[in-house]
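# Working through the structure, step by step
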Amino acid sequence: MSLDTLIVIDGNSLIHRAFHAIPLLSNSQGVITNAVYGFTNMILKVLKEQDPGLVAVAFDKGKVTFRHQDFADYKGTRKATPDELRPQFILAKEILKAMRIPYFELEGYEADDLIGTIVNQAEASGLNILILTGDRDALQLVSPKTRVMLTRKGITEIELFDEGKVWDRFGVTPGQIVDLKGLQGDPSDNIPGVPGIGEKTAVALLKDYGSVEGIIEKIEHLPPRFQKLLRGKEDQAILSKKLATIIRDVPMELDLSQCSWRGPDHQRLLEIFKELEFKSLIKQLTSEQGTAKSSREGKKKFESDLPPLETYQAGYQTVTSQEDFDEVLVQASHAGRAAVFLDGVRGKGIRAVYLAVPGQDVYLLTVKPGDDSSHGSLSALKALCENEAIKKYFHDAKDAIWLLHHHGIKLQGLAFDTMVAAYLLNPAASHYDLTDIALEHLGIVLPPEGETAMAARAEAILRLTEELFKKLVQREEDRLFIEVELPLVAVLAEMEMAGVAVDKQELKEISAELHHSTEALAAKIHELAGENFNINSPKQLGQILFDKLKLPVYKKTRTGYSTDAEVLEKLAEEHEIVDLLLQYRQMAKLKSTYADGLAALVDPQTGCLHSTFHQTVTATGRLSSAEPNLQNIPIRLASGRRIRKVFIPRQKGNLILTADYSQIELRILAHMSQDKSFLDAFRQGQDIHTRTASEVFGVPLDQVTPEMRNRAKAVNFGIVYGISDFGLARDLKVSRQEAKSYIENFFARCPGVRHYIDRVIREARERGYVTTLLNRRRYLPELFSKNFNIRNFGERAAMNTPIQGSAADIIKLAMVKISKELKERDFATQMVLQVHDELIFDAPEAEIEPLIVLVRDCMQNALTLDVPLVVDIKLGPNWYETKPI
DNA sequence: CTGCTCACG
DNA sequence: ACGTACGTGAGCAGC
């Protein structure tokens, strides 16, 4: 038994291998089991032989929503994964669960990349790693600590590769495997390589020059025939290498402790084996029971079997007397800074305070029931937090501000937020738990519970502050952090706490009206259908429309018929029920999500909605809003727009003022692309959609029809999103040819935009990331995927993110400025909402005039671009009735 | 808990 | 030949 060995398994590779190596077996029920049988067999064999301390499996995960969304017409033309194989993946995962082996998958990544990431972390923890796969690409991961078990022809034969073996077999080091592929290419993965260069040439060149880059650099020194092959193919070679390179820093939260191998859940595994009729495996399992790992298993907690990873502990002193509180404050004052970990729950208050002061032990200040900020530990906390001279570091400072607010404490001197900093370093991660970022950036494991664990968190915040700031400086994101994101934390906290006032009466009336309309529509729909069914169930609705009423099927989803609005609109002519369904859907959405959904979240104390603005959610830098989401309140259709009537000022004499950036994304595109036509249009104050229409349709500005403008508007949007003729055609309901000609015309008339797009994608490929105007960074590992779709997605994200993200930069900057001005000038106005390119204020009538000047100035001058930023301001008694001033 | 659908910029 | 526009959050149904 080797406790320090981790086995990582490429699930996709093994299952595919097994599927092709073993004839189509099935159980008596007809369930095909060949691949899952081979897979299970192989894993059991390796586990038995190696008896590792840890084990994990990785799977590919593509863009399932797109991949499976076939048009009915095309059904059956193409099968990526054979029907006999697809369900076996599910079975394999069931078996893994029963074996208590964790498996990892992440949207947009291949198993390879997850393995690379796991290996990286495991190596850092000092583990020995064995990779089990049928994919030779994995050989690039071989190192002194990592070896690869490669399946041969069949599946039971395994060949073990260490560094020496790779050298013997391929004549290159493991690290050069990717260079080999860059030159040689790989038809199976659609990697071009350099035509004319095969294995021999590639190896010989690499022996002399080390890498693809090395060869290109010394291209002059190469024999003429090689020069000839390589010239003009440099980029292709570099790209090929990148495509073959396994990503090792996939943004995933990996807890190696979850991977400790504890033996299977015998009972469950046996059940599955019986169902699948794996007789030999059943025999194997039952004969082994009671031996080895199975016997020492109880119902222990997961953490009980921790692998040999160092768990981080911090010493701490409990502080209880007033004298000691004073001493802590002296220490913190002296140091000038402290990391604060508040143990508490929003709305309930703080239970304990852990302070990490540089050079001192962590201090624990416990809060006794009934304590308040006038005496005891909370008064010490108040003194600390309200002293601006002492810099405070938090993880999730906005949450801390809420907790402090509960005790009447106002935070001054916020100097770092490790959650927000970790987000800037990798905005694509799914979450930023302190535990995860401490592991990622400090390599330490935080214990889950207890006072030492909490003390360790305070200490970790202190250390992370240093580490993350260093990284921000390295990436030149420190200004973005200090000047925008960090001050924004407090601005958002204030917006959340203020909330936006709601007219509950109006909300009730809307709900009642919607109740009547949905009921009436449902009755008619049921009558036309000839039976009662749940209209909200896409499954039942599909059966009615397509099985019973025999309407034509235009689109399917992974699980059945699609019944979305796009499909229903196509069916409108076919049956009168369809229009009623569209109306019903609309009304039902308004009622459940908005009328009733919002009403349920109104705070009875304040009469306001207190949304949470998340600062660390989007990959582009935008904010998101939740519980409730106030960034998607209806506006496009009159029926939904009414919902905006319920958003009102908090008191009599106040008004709602909205300020939105006009065409900010296209202005940013003009600035970044320097396209003449776009720059000119914005500088002249022209309507951009009219201008694009004039370019695309080749008519003078004054002859652009509304229809032309509409189409041009869709083209402009398409450009920002990464256009395709298909997407544009669908959006505009024109033919694909027509859409294509719009796009071609557009690029012919706006070559600057074309060049900009090409440049951004090229730079993204070179650097692996894209940036915004304020240097916000987004990594795009998708660009290097071997999967065509994922790669294309990466390219669209590469062009969209600088635009969307820069718009986010600008409005965030404006929010910080506005908030500061409002404070300094003692305005009673409250900023209440942000909707990506729009800010909403609740303002006393007397302040409106100066407010308009202030807001417009801060927003339009947040950043100076090569085109003007224009802000439209509206005013009204509620969010619905705001009118241009 | 996942998939579908739909609301917004 | 691939499959089809970027970024979100929420409610509901059904496994």
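Bear in mind that the values here come from a model prediction, so they are computed numbers and not experimental data.

### Here's the deal with the overall build of chain A
Broken down by element type, chain A carries 35 helices and 26 strands. Taking 29 Å as the expected radius of gyration for a compact globule of 885 residues, we find that chain A reaches 31 Å, a close match to that expectation. The C-alpha extent of chain A, read off along each of the three principal axes, is 80 × 80 × 75 Å. In chain A, which comprises 885 residues, the proportion classed as buried is 53%. When contacts within chain A are restricted to residue pairs at least 6 apart in sequence, those whose partners lie at least 24 apart make up 66%. Carbon together with sulfur atoms contributes 49% to the accessible area of chain A, which is approximately 40400 Å² in total. One finds the centroid of the 109 positive side-chain charges in chain A at a distance of 4 Å from the centroid of its 122 negative side-chain charges.

### Quick notes on the sheet that holds strand β24 (residues 838-844)
One open sheet accounts for 5 strands, arranged β23-β24-β20-β25-β26; its pairing is antiparallel. Of all the strands in the sheet, the pair left with one neighbour each is β23 (830-834) and β26 (883-884). As judged from the 4 bridges shared by β23 and β24, these two strands associate in the antiparallel manner. Residue glutamine 830 lies in a different strand from β24, and its bridge partner there is aspartate 842. In this fold helix α34 (residues 788-824) packs onto β20 (654-661), β23 and β24, with an angle of close to 15° to the strand it touches most, β24.

### Regarding the UniProt feature "domain: DNA-directed DNA polymerase family A palm" (unreviewed entry) in chain A
Mapped onto this structure's residue numbering, the UniProt feature "domain: DNA-directed DNA polymerase family A palm" (unreviewed entry) falls at residues 640-847. Helix and strand shares over residues 640-847 are 59% and 12% respectively, and the end C-alpha atoms of the span are 31 Å apart.

### Considering the packing of helix α29 (residues 688-697) against helix α32 (residues 736-749)
Here α29 crosses α32 at 100°, and the two axes come no closer than 8 Å. One way to sum up the angle between α29 and α32 is to call them roughly perpendicular. In contact with Thr692, Glu695, Val696 and Phe697 of α29, α32 contributes Tyr742, Asn745, Phe746 and Arg749. Considered class by class, the residues forming the contact of α29 with α32 number 4 nonpolar, 2 polar and 2 charged.

### Some points on the sheet that holds strand β7 (residues 316-319)
In space, the 6 strands of this open sheet follow the order β7-β10-β9-β8-β11-β12, with mixed pairing throughout. The sheet is open, and its two borders are formed by β7 and β12 (414-417), each paired with just one other strand. Geometrically, the sheet is characterised by an average inter-axis angle of 30° between neighbouring strands, direction not taken into account. Here strand β11 (residues 391-394) pairs with β12 via 3 bridges, running parallel. Looking at β12, one finds that phenylalanine 394 is bridged to aspartate 417. In the packing of helix α17 (residues 397-406) onto the sheet, the strands contacted are β8 (337-345), β9 (349-356), β11 and β12, and the crossing angle to β8 comes to about 70°. On the sheet, helix α18 (residues 418-425) packs against β11 and β12 and is oriented at approximately 50° with respect to β12.

### Describing the side chain of aspartate 675
Its place among the elements puts aspartate 675 in the loop between α27 (664-673) and α28 (676-683). At 7.0 Å, arginine 691 is the nearest oppositely charged side chain to aspartate 675, a buried residue that forms no salt bridge. Each residue touching aspartate 675, except ones within four places of it in the same chain, is listed here: Ala670, Cys750, Pro751, Gly752 and Val753.

### Section: the protein's contact with DNA strand B
For DNA strand B, the set of nearby residues contains 22 residues, the closest of which are Arg558, Thr563, Ile635, Arg636 and Asp837. Side-chain polar atom of arginine 622 to a base nitrogen of DNA strand B: 3.0 Å apart, as the coordinates give it. At 2.7 Å from a phosphate oxygen of DNA strand B is found a main-chain nitrogen or oxygen belonging to isoleucine 635. A total of 3 residues in the surface near DNA strand B trace back to one element, the largest contributor, which is helix α25 (residues 576-599).

### Brief notes about the environment of serine 260
Here serine 260 is to be found in the loop between α11 (234-244) and α12 (266-276). Using a relative accessible area of 4% as the deciding quantity, one classes serine 260 as buried. A polar contact is formed between the side chain of serine 260 and the backbone oxygen of serine 257, at a distance of 3.1 Å.

Thresholds, definitions, all that
- Residues numbered from 1 in each chain as written.
- Chains lettered and ligands numbered in written order.
- Predicted model: local features only at pLDDT ≥ 70, side-chain atom pairs only at ≥ 80, totals over all residues.
- Heavy atoms only, no water.
- Helix = DSSP H or I, 4+ residues; strand = E, 2+ residues; numbered from the N terminus.
- Rg over C-alpha atoms; globule rule 2.2 N^0.38 Å.
- Buried < 20%, exposed > 50% of the residue type's maximum accessible area, 1.4 Å probe, protein only.
- Contact = heavy atoms within 4.5 Å.
- Areas by Shrake-Rupley, 256 points an atom, 1.4 Å probe, with all protein chains shown as cover.
- Lys, Arg positive; Asp, Glu negative; His and termini not counted.
- Charge placed at Lys NZ, Arg CZ, Asp CG, Glu CD.
- Pairing = 2+ DSSP bridges.
- Axes fitted to C-alpha atoms, helices over the stretch in contact; angles between N-to-C directions.
- UniProt positions renumbered as here; feature names shortened; annotations may be inferred.
- Parallel < 35°, antiparallel > 145°, perpendicular 65-115°, else oblique.
- Nonpolar A, V, L, I, M, F, W, Y, C, P; charged D, E, K, R; others polar.
- Salt bridge = Lys/Arg side-chain N within 4 Å of Asp/Glu carboxyl O.
- Near = heavy atom within 4 Å.
- Polar contact = N/O pair within 3.5 Å; in protein donor to acceptor, adjacent residues only side chain to side chain.

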